[in-house]
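# Survey of secondary and tertiary structure
What follows is the residue order along each chain.
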Number of protein chains: 2
Amino acid sequence: MTNEELLGFTALNSWKLVIGRFDQNLAALTDEQLQKRVAPNKNRLFYLVGHLTAVHDRLFPMLGLGERLHPELDEIYVTNPDGALADPLSASDLKKAWTDVNGKLTAAFETFTALDWLAKHAAVSDADLAKDPTRNRLAVVLSRTNHASFHSGQAILAK
Amino acid sequence: MTNEELLGFTALNSWKLVIGRFDQNLAALTDEQLQKRVAPNKNRLFYLVGHLTAVHDRLFPMLGLGERLHPELDEIYVTNPDGALADPLSASDLKKAWTDVNGKLTAAFETFTALDWLAKHAAVSDADLAKDPTRNRLAVVLSRTNHASFHSGQAILAK
């Protein structure tokens, strides 16, 4: 393996670890537990799972990986705060959406070469990437990994 | 810049973004606000800052970057839970410890080549690194970045 391949795999492992830990915690939650809030007046676990699923689903078009699986989640879990709109999916369907989105993303990331990680994404212009080549696809995936860790830290408080 | 240098810089940016956001939030907190808990019966913000400072300080020997700056924080903020022992530093001294530790770490990371990121650290054996070369120094820094994001998500709840 070359150094650049190894750096890509190491970064991908970071995503896989965070998603894998979230998977384990989510699998252990009952439908009732998913309705718990992380703290008084803060988001429900259900909302956080919907939010992360929607934000990760947006990566398909952003990284050029095909069509979104669940665009219907944005309005409920990204545009609006918790409680504004009814949950459109059952707990088991939401768990399935989470698994489908992350499974398909991870499978795509596993095929990435160093050049794929360094390539342009849909939210940066050619000129901006040329000016700052760290605004690449790896930066996006590491940012989403940190975002998932951020909400994982909140979700754990509901235990 | 080579691809491998660029991958290293992109990953380092992820660390810098997370630490930078924490810096900004921490700078805005008064001494009184630092005593707030992230949720009822959960850690105080003060404890979380001490915890992250201690865990990051441990990176100096782990990554071969020299002596620790604040080994005295481990017993209070790593070994014991919040409330077990008195805070050994004032709020302003703790803020300074956080800034000193992360500033010195980031300055060291900025000198890392691809080979430095891929090198062995003190918590992995030569045999284990040979078996799984992703258990390198980059993996450690990305893990600490996710850990800082995890607690940042909790800290924000105290706002």
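Higher on the page you've got the structure.
Report on the accompanying structure. (Residues numbered from 1 in each chain as written. Chains lettered and ligands numbered in written order. Predicted model: local features only at pLDDT ≥ 70, side-chain atom pairs only at ≥ 80, totals over all residues. Heavy atoms only, no water.)

## Considering the overall build of chain A
Defined as follows: Helix and strand definitions follow DSSP, with helices as H or I runs of at least four residues and strands as E runs of at least two, each counted in order from the N terminus. Our radius of gyration is a C-alpha quantity, and the globule rule it is checked against amounts to 2.2 Å times the number of residues to the power 0.38. A 1.4 Å probe rolled over the protein chains alone gives each residue an accessible area, and that area as a share of the maximum for its type sets the label: buried under 20%, exposed over 50%, partly exposed in between. By definition, residues are in contact when any of their heavy atoms lie within 4.5 Å. Only the protein chains shown count as cover for residues, and all accessible areas are computed by the Shrake-Rupley method using a 1.4 Å probe.
Broken down by element type, chain A carries eight helices and zero strands. Counting from the amino terminus, helix and strand elements in chain A follow one another as α-α-α-α-α-α-α-α. Over its C-alpha atoms chain A spans a radius of gyration of 16 Å, differing by no more than 12% from the 15 Å that the globule rule assigns to 159 residues. Projected onto its principal axes, the C-alpha positions of chain A cover 45 × 30 × 25 Å. The burial tally for chain A puts 48% of its 159 residues in the buried class. Taking contacts inside chain A between residues at least 6 apart in sequence as the whole, the part at least 24 apart equals 64%. As presented, chain A carries roughly 7300 Å² of accessible surface, and 54% of it is formed by carbon and sulfur atoms.

## A closer look at the interface of chain A and chain B
Here is the rule: As a working definition, buried area equals the accessible area (1.4 Å probe) given up by two parts on being put together, with both sides summed. Whenever two N or O atoms come within 3.5 Å, that pair is a polar contact, provided that in protein one can donate a hydrogen and the other can accept it, and provided that, for residues adjacent in sequence, both atoms are side-chain atoms.
Each partner contributes residues to the interface: chain A has 34 residues there, and chain B has 34 residues. Between chain A and chain B, the buried area comes to about 2800 Å², and carbon and sulfur atoms account for 71% of it. Summed over the three residues of chain A that lose the most area to chain B, namely Leu 7, Asn 146 and Leu 157 of chain A, the buried surface amounts to 22% of that side. Linking chain A with chain B are eleven residue pairs in polar contact (both at pLDDT 80 or more), by the criterion used here.

## A look at the environment of Lys 120 of chain A
All names here are of chain A. Assignment of secondary structure puts Lys 120 in the loop between helix H6 (114–117) and helix H7 (126–131). Separated by 82 residues in sequence, Lys 120 and Val 38 place their C-alpha atoms 36 Å apart. Non-local contacts of Lys 120, meaning those with residues more than four positions away in its chain, are made with Ser 125, Asp 126, Leu 129 and Arg 137. Looking at Lys 120, its side chain comes within polar contact range of the main-chain oxygen of Val 124, at 2.6 Å.

## Comments concerning the pattern of salt bridges
The following threshold applies: In what follows, salt bridge is the name for a side-chain nitrogen of Lys or Arg lying within 4 Å of a carboxyl oxygen of Asp or Glu.
Across all of its chains, the model carries 22 salt bridges over all chains by this definition. Two residues, Asp 87 of chain A and Arg 44 of chain A, come together in a salt bridge whose shortest N-O distance is 2.9 Å. Of the two residues, Asp 87 of chain A sits in the loop between helix H4 (74–79) and helix H5 (91–109) while Arg 44 of chain A sits in the loop between helix H1 (3–27) and helix H2 (45–57), which places them 43 residues apart along the sequence. A salt bridge links Arg 135 of chain B to Asp 128 of chain B; its shortest N-O distance comes to 3.9 Å. Of the residues examined, Arg 135 of chain B reaches a relative accessible area of 36% and is grouped as partly exposed. In this structure, a network of salt bridges that share partners links the residues Arg 37, Arg 44, Asp 82 and Asp 87 of chain A.

## Brief notes about the relation of the copies chain A and chain B
Condition: Superposing copies: least-squares fit, C-alpha atoms only, residues required to have pLDDT of at least 70 in both.
The two copies are related by a screw operation: chain A maps onto chain B through 180° of rotation and 0.0 Å of translation along the axis, at an RMSD of 0.0 Å. The two molecules are tied by a two-fold rotation axis, judged by turn and shift. Comparing contact sets, 100% of the residues at the interface of chain A also lie at the interface in chain B, consistent with an isologous, same-surface contact.

Treat this as a map of the structure, not an account of what it does.
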